[in-house]
Amino acid sequence: MLKRALKSALGIGLGTTIGMVIIPRIMDSNLNKIYPPIYVQAVVQFVGSYIVAFLVYFSLDYIETKKQK
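For the structure given in this document, a descriptive report is provided here. Bear in mind that the values here come from a model prediction, so they are computed numbers and not experimental data.

A word on the side chain of Asp-61. Here Asp-61 shows up in helix α3 (residues 38-68). On the basis of relative accessibility, which here comes to 12%, the residue Asp-61 falls in the buried class. Residues within four places of Asp-61 in sequence aside, it is in contact with Met-1, Arg-4 and Ala-5.

Structure (structure tokens):
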């Protein structure tokens, strides 16, 4: 259950990081002057989205396991 939640959250974390950090900076070059360096923002975004996605997947698996018993 834990291992499946960790694996599932990885894809969501990467997708969110690309969508929230990389794509906006490509579309608007002025963001490079306003936001922190891209690697700092990418790490913070990935860690945050990974934690949230993990908690959601783990909660759903936990509820599903409790329903089966």
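Now that the structure has been shown, we can carry on.
Moving on: the packing of helix α1 (residues 2-27) against α3. Between α1 and α3, the least distance of the axes is 7 Å, while the angle of their chain directions is 145°. You can see that α1 and α3 cross each other, and the crossing is right-handed.

Right, let's get into α3. Along an α-helix, residues three or four apart share an orientation, since each turn contains 3.6 residues. Spanning 31 residues, α3 covers 44 Å between terminal C-alpha atoms, matching the ideal 45 Å at 1.5 Å per step. Regarding α3, the residues found buried are Gln-41, Ala-42, Ser-49, Ala-53, Phe-54 and Asp-61. On the buried face of α3, the contacting elements are α1.

With respect to the helices, strands and loops of the structure, Ala-9 is situated in helix α1. The buried category is assigned to Ala-9, whose relative accessible area is 0%. A sequence separation of 21 residues divides Ala-9 from Asn-30, and the C-alpha atoms of the two residues are 31 Å apart. Excluding residues within four positions of it along the chain, Ala-9 makes contact with Tyr-50, Ala-53, Phe-54 and Tyr-57.

Applying the stated criterion to the full structure yields 2 aromatic pairs. Considering the side-chain rings of Phe-46 and Tyr-50, the 5.7 Å spacing of their centres and the 25° angle between planes classify their relative orientation as stacked. Of the two residues, Phe-46 and Tyr-50 both sit in helix α3, 4 residues apart, roughly one turn of that helix. Classification of Tyr-50 by relative accessible area gives partly exposed; the value is 22%. Measuring from ring centre to ring centre gives 5.7 Å for Phe-54 and Phe-58, while their planes differ by 20°; the resulting arrangement is stacked. With Phe-54 and Phe-58 both in helix α3 and 4 residues apart, the pair spans about one turn of that helix. Exposure remark for Phe-58: the relative accessible area of 27% places this residue in the partly exposed category.

About the thresholds
- Residues numbered from 1 in each chain as written.
- Predicted model: local features only at pLDDT ≥ 70, side-chain atom pairs only at ≥ 80, totals over all residues.
- Heavy atoms only, no water.
- Helix = DSSP H or I, 4+ residues; strand = E, 2+ residues; numbered from the N terminus.
- Buried < 20%, exposed > 50% of the residue type's maximum accessible area, 1.4 Å probe, protein only.
- Contact = heavy atoms within 4.5 Å.
- Axes fitted to C-alpha atoms, helices over the stretch in contact; angles between N-to-C directions.
- Left-handed = near helix turned anticlockwise from the far one by under 90°.
- Expected span 1.5 Å × (residues − 1).
- Phe/Tyr/Trp six-rings, centres within 6.5 Å; stacked < 30°, edge-to-face > 60°.

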